[in-house]
Amino acid sequence: MQRNWLRNLSVVAFAALVLAGCSSTGKKAAQTGPLPGDEQPEVTAPGQSDSEISRVDAEGNPINPQTGMPLSRVFYFDYDKAMLQPDSLAVLELHAVFLKNNSDRRVVIDGFTDERGTREYNLALGERRAESVATFLVSQGVRRSQIDVVSYGEERPADPGHSEAAWAKNRRAELVYR
Amino acid sequence: MKNRLLAAFAALWISLPLAAQITIEVDRGYDNPKKIAVVPFGVGPNVAGVENPSGIVSFDLARSGQFAPTPTENMLSLPTRPAEMLFRDWRVLGVEYVVIGRTEMDATGNLSVSYYLFDVLKEQQLSNEKFTAPPTSLRDMAHLVSDAVYEKLTGIQGAFSTRIMYVLARDLGTPAVKFKLEMADADGARPRTLLESREPILSATWSPDGKRIAYVSFERQKPSIILQEIATGTRTVLTDFPGLNSAPAFSPDGKTLALVLSRDGDPEIYTMNLATRELRRITRQRAIDTEPSWTPDGKSLIFTSDRGGKPQIYQVELATGLTQRLTFEGDYNARGRMLPDGKHLVCVHRRNGVFHIALMDLGRQRMTALTSTSLDESPSIAPNGTMLIYATQDRGRGILAVVSIDGTVKYRLPSSVGDVREPAWSPFLNRTRG
């Protein structure tokens, strides 16, 4: 029990850390107070009911109840970094809610890098990016057993170009629902 | 220097369709390339439909940067037998060494290639040898002639009869993307496909006997390490743990494989006993530890780690676990490979935001950039330590290039389609000798 409490504390601390300094959506989420752990508390996204958040498109991907459009499943990263960008968090929170409401669904997080640097190091960096997303989802109460992580490093660029613009598109993590 | 070499290539152009596609740049060039003449080999009766070995030999020697072959049209005589050698014909041209030879077909349908090497100044025969094999092995025999001539004149074992492996990617960034693991002669000739997949293939590496390869394949929708017998194509999955299974590297005795697994939460270096498949964890750091390769004595691994904040190259002694950092210059040094002398390493080095291949003198702690293009990566050293092959880009396309270990000679290997990357130079291969 002591250990669980400690673990929860550290997860909350982490969530607070990633949420600190992010946009208005982030603040709202912080107020609801995600408390992941053995109890799996129900966290509702602000203004939406659980049933709405569970809507999926024809391919089984979650739909954003606010816009009616599929939730964005691609998240970008800075060069050489694996930290989530603040504007990724609001959408990732919605993915977390979807996964908690649909505990039978699994998601694979694919991690990618741009082509700069060595291939094996990039494979490791891509894994670190995908793990950042996984850690955030778990901090929001998603069960780790629902998540798989695969790194493709620089092997599967979204844009095969060699410009800064192409590289920015390639430094990413993608959520693939199963 | 540059002009002389270019002239030599102009002469080879017509007889060598493959060679014609290779661009050779000589940066500074060797101060004194040896002037050598490789005379068109005599062709015996019943020999038809095979290339003249002289073009292959001449081109091999020229690519080393240590030889300046004489164009055929400048030759005053074309001897094919020792008795026909007139040394003054070569002295007037300033030629120092002459290679002559013959190809003959024997009664069993085998082709033989014989050669003689002469020192013009001393008017002396330095060596001769005869190779016999089926006619399909003409190129192998020609490369063996190059190896023998190179070794006789430089004292260094030739690596012209070795091979290279590389990954060819087509239609990247599209749903039709395809990856091929290819093997070719060291000069890029005779490519053949070892594996074709719709999923990425990377980190292909040779066993020290050149009979097996290991690589990372995503064919199971995640990376796993595969072992493949070249002759039979038999494949074995070596590791398929959750997370990364990557960066395989055979030990010098071929009994152990170094590799990277992230099943413990982050990438760590392991060794695997290939007979028992027993794993041993080598690194224990909450950091990226990857790209292991063996020191020539097989007692240590060098690897890349960002334990200090940025990727740098470290060395760990396997018996004691004693670890030391090897690179300090620059904020990105990765994928180190030690030269056969154990005193130098080559790595990917970032300087002013650009990735180069660099050579580091471990004793003097000095880093020298060998290449000046951008996005240069995956250096792989020839088994005789004189050259390395690496991946770079040409007008947005991945290509392979070779640079001498002192940075003076560079050439590019031809590629007609797709992105070519991740070259791996084979060890010395034992071929049949006649």
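Note that the coordinates shown come from a computational prediction; the quantities given were computed from them, not determined experimentally.

(A) Here's a closer look at the interface of chain A and chain B. With 25 residues of chain A at the interface, the matching set in chain B holds 41 residues. Interface area, chain A with chain B, both sides summed: about 2700 Å², of which 55% is carbon and sulfur. The three residues of chain A that bury the most area against chain B are Arg-119, Glu-120 and Tyr-121 of chain A, which together make up 25% of that side's buried surface. Counting the contacts that link chain A with chain B gives five salt bridges. The closest approach of N and O atoms between Arg-421 of chain B and Glu-155 of chain A, which form a salt bridge, is 3.3 Å. Between chain A and chain B we count 19 residue pairs in polar contact (both at pLDDT 80 or more) in total. For the side of chain A that touches chain B, the secondary structure elements donating two or more residues are helix H5 (119-139) and strand E3 (147-153) of chain A. Sort the elements by how many residues they give to the side of chain A that touches chain B and H5 of chain A lands first, with eight residues. Its residues assigned to classes, the side of chain A that touches chain B shows 11 nonpolar, four polar and 10 charged.

(B) Up close: the environment of Asn-273 of chain B. Residue and element names in this part refer to chain B. In this fold, Asn-273 is placed in strand E17 (residues 268-273). Judged by relative accessible area, which is 32%, Asn-273 ranks as partly exposed. With 83 residues separating them along the chain, Asn-273 and Arg-190 place their C-alpha atoms 34 Å apart. Apart from the residues within four sequence positions on either side, Asn-273 is in contact with Lys-255 and Glu-278. Reaching out from Asn-273, the side chain makes a polar contact with the backbone nitrogen of Thr-276 at a distance of 3.2 Å.

(C) View of the pairing of strand E2 (residues 34-38) of chain B. Examined bridge by bridge, E2 of chain B and strand E4 (residues 67-69) of chain B share three bridges and lie parallel to one another. Paired with Lys-34 of chain B across the bridge in E4 of chain B is Phe-67 of chain B.

(D) Layout of the confidence of the model for chain B. Residue and element names in this part refer to chain B. Residues with a pLDDT of 70 or more make up 92% of chain B, whose mean pLDDT is 91. Every residue in residues 1-20 is under pLDDT 50, and counting partners more than four places away or in other chains gives 35 contacts. In the model output, the complex is listed with pTM 0.86 alongside ipTM 0.89.

What counts, and at which threshold
Along each chain, the written sequence defines residue order, and numbers are assigned to residues from 1. Chains and ligands are labelled by the order in which they are written, letters from A for the one and numbers from 1 for the other. Under the rules for a predicted model, residues below a pLDDT of 70 receive no local features and side-chain atom pairs below 80 are neither given nor counted, while totals for whole chains, interfaces and linings still include all residues. As a rule here, side-chain values cover all heavy atoms of the structure and leave hydrogens and water aside. Contact between two residues is taken to exist if any of their heavy atoms lie within 4.5 Å; hydrogens are not considered. Accessible area that two parts lose when put together, with a 1.4 Å probe and added across both, is what the buried area reports. Basic side-chain nitrogens of Lys or Arg form a salt bridge, by our definition, when they fall within 4 Å of a carboxyl oxygen of Asp or Glu. Any N or O atom pair separated by 3.5 Å or less is treated as a polar contact, with the protein-specific requirement of one donor-capable and one acceptor-capable atom, and with residues adjacent in sequence counted only for side-chain atom pairs. Think of it this way: any DSSP run of H or I at least four residues long counts as a helix, any run of E at least two long counts as a strand, and we number them from the N terminus. Here the nonpolar group is Ala, Val, Leu, Ile, Met, Phe, Trp, Tyr, Cys and Pro; Asp, Glu, Lys and Arg are the charged ones; every other residue, Gly included, is treated as polar. Summary of the burial criterion: residues with accessible area below 20% of their type's maximum are buried, those above 50% are exposed, and those between are partly exposed, where the area comes from a 1.4 Å probe applied to protein chains only. Strand pairing follows a simple DSSP-based rule, namely that at least 2 bridges must link the two strands. Residue-level confidence of the predictor is what pLDDT reports, using numbers from 0 through 100.

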